[in-house]
Amino acid sequence: APGMDGEPERHALPDVILGTGQGFERLTDMAARQSMLLLHVSAGCGACREVMDYLQDKDHQIGPVAVRALKPTYATDSVAPAAVGPLPAEIVLTDPAGKAAQDLGIQRYPSAVLIGTDGLTAGGPVFGSEDVIAFIEEVREIMAEAGRLEEQPAAADETAQGFTA
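Caption draft 1: Structural context of the pairing of strand 3 (residues 35–40). Buried residues dominate strand 3, accounting for six of its six residues. With burial as the criterion, each face of strand 3 is covered, one bearing Ser35, Leu37 and Leu39 and the other bearing Met36, Leu38 and His40. Taken together, the six bridges between strand 3 and strand 5 (residues 65–73) define a ladder with parallel strand orientation. Bridged to Leu39 within strand 5 is Ala69. Across five bridges, the pairing between strand 3 and strand 7 (residues 111–115) is antiparallel. Residue pairing for strand 7: Met36 is matched across the bridge by Ile115.

Shown next, in the form of C-alpha cells:
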C-alpha cells in the first residue's frame, strides 16, 4: 500500500542471481548501475502478449530506466537469455528457477516492478496487462516530467550499446 505521501512502499532487493548475455550477476549489482523496470512475461500467455505488443515499438530504455524481462529457467534450459515472444534477447534476463520473480513478488504473468539504484524497489509490483502497461506509461511520464528521457544510464555498458546500432 502507498505511504502517506503517495510514495510506493519500498522493499530491499532480494539477493538473487540473474543471467545476462555476459554470464551471471547479482540483481543488486545490476541495479546499482541503473534503475530497471522488470517485467515477468511469458510468450504463451495472452495477457502477456498485450504487454509485449505494446513494448514492440517502444524504446527499451526510458531515460535512466532499463526495461528488462525476466525469463525463468530451469536446470535443463540454456543459460543464455533468449527472446521472449517479440521481446529481443538483449532485454531478457534469465531467472534461475524463477527465484527473482518469486522474491520480488512478481510470479504472476504479466507483472512488473520498478527497481531503484539504491537497492530498493521503487514502484509496483503491478499485475495484469492493463496495469502493467499503465505502470510503464507512468514511469515514462515521470521521467519526461523530470526531463530525464534523454538521459543515458551513467555506466552504459559497451556490449549493450552494440545492440542499438
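Caption draft 2: Broad picture of the pairing of strand 6 (residues 92–96). Most of strand 6 is tucked away: four of the five residues are buried. Sheet topology note: the strand 5/strand 6 ladder contains five bridges and is parallel. Bridge pairing links Lys71 to Thr94 in strand 6.

Caption draft 3: Quick look at the state of the cysteines. Here the structure, examined in full by the defined rule, presents one disulfide. Across the disulfide from Cys45 sits Cys48; the S-S distance is 2.3 Å. Torsion about the S-S bond of the Cys45 and Cys48 cystine: about 85°, corresponding to right-handed handedness.

Caption draft 4: Broad picture of the packing of aromatic side chains. Enumeration according to the criterion identifies zero aromatic pairs in this entry. The ring of Tyr54 has Lys58 lying over it, and the distance from NZ or CZ to the ring centre is 4.4 Å. The positively charged end of Arg108 is found above the aromatic ring belonging to Phe127, 4.4 Å away from the centroid.

Caption draft 5: Quick look at the nonpolar core. Within the largest apolar cluster, 26 residues are counted, with the highest numbers of intra-cluster contacts made by Leu37, Leu39, Val41, Leu55, Ile62 and Ile136. Secondary structure elements with two or more residues in this core: strand 3, helix 2 (46–56), strand 5, strand 7 and helix 4 (129–145). In terms of residue count, helix 4 provides more of this core than any other element does, six residues in total. If sequence neighbours within four positions are ignored, Ile136 has contacts with Leu37, Leu39, Val51, Tyr54, Leu55 and Ile62. Core analysis: the second largest hydrophobic core is formed by 17 residues, Leu13, Met36, Ala66 and Leu70 among them.

Caption draft 6: Up close: a negative patch on the surface. A grouping of Glu50, Asp53, Glu130 and Asp131 is seen on the molecular surface, where their side chains present a negatively charged patch. Only helix 2 and helix 4 provide two or more residues apiece to the negative patch. Within the secondary structure, Asp53 sits in helix 2. Among the residues examined, Asp53 registers a relative accessible area of 40% and is labelled partly exposed.

Caption draft 7: Expanded view of helix 4. In this model, helix 4 (17 residues) spans 24 Å end to end at C-alpha, consistent with the 24 Å of a helix rising 1.5 Å per residue. Of the residues making up helix 4, those classed as buried are Ser129, Val132, Ile133, Phe135, Ile136, Val139, Arg140 and Met143. Angularly, the buried residues of helix 4 cover 155° about the axis, an arc narrow enough to put them on a single face. Relative to its buried face, helix 4 has exposed residues pointing more than 90 degrees away, namely Glu130 and Glu145. Looking at the buried residues of helix 4, the elements they touch are strand 3, helix 2, strand 4 (61–62), strand 5, strand 7 and strand 8 (121–127). Backbone geometry just after helix 4 places Gly147 at a positive phi near 70°.

Parameters and conventions
Residues numbered from 1 in each chain as written. Predicted model: local features only at pLDDT ≥ 70, side-chain atom pairs only at ≥ 80, totals over all residues. Heavy atoms only, no water. Buried < 20%, exposed > 50% of the residue type's maximum accessible area, 1.4 Å probe, protein only. Helix = DSSP H or I, 4+ residues; strand = E, 2+ residues; numbered from the N terminus. Pairing = 2+ DSSP bridges. Disulfide = S-S within 2.5 Å. Phe/Tyr/Trp six-rings, centres within 6.5 Å; stacked < 30°, edge-to-face > 60°. Lys NZ or Arg CZ within 6 Å of the ring centre and 35° of its normal. Core = buried A, V, L, I, M, F, W, Y, C linked by side-chain atoms within 4.5 Å. Contact = heavy atoms within 4.5 Å. Patch = residues over 30% accessible without salt bridge, like charges linked within 9 Å, V, L, I, M, F, W, Y side chains within 5 Å. Areas by Shrake-Rupley, 256 points an atom, 1.4 Å probe, with all protein chains shown as cover. Salt bridge = Lys/Arg side-chain N within 4 Å of Asp/Glu carboxyl O. Lys, Arg positive; Asp, Glu negative; His and termini not counted. Charge placed at Lys NZ, Arg CZ, Asp CG, Glu CD. Expected span 1.5 Å × (residues − 1). Arc of directions from axis to C-beta.

In short, geometric facts, not functional conclusions.
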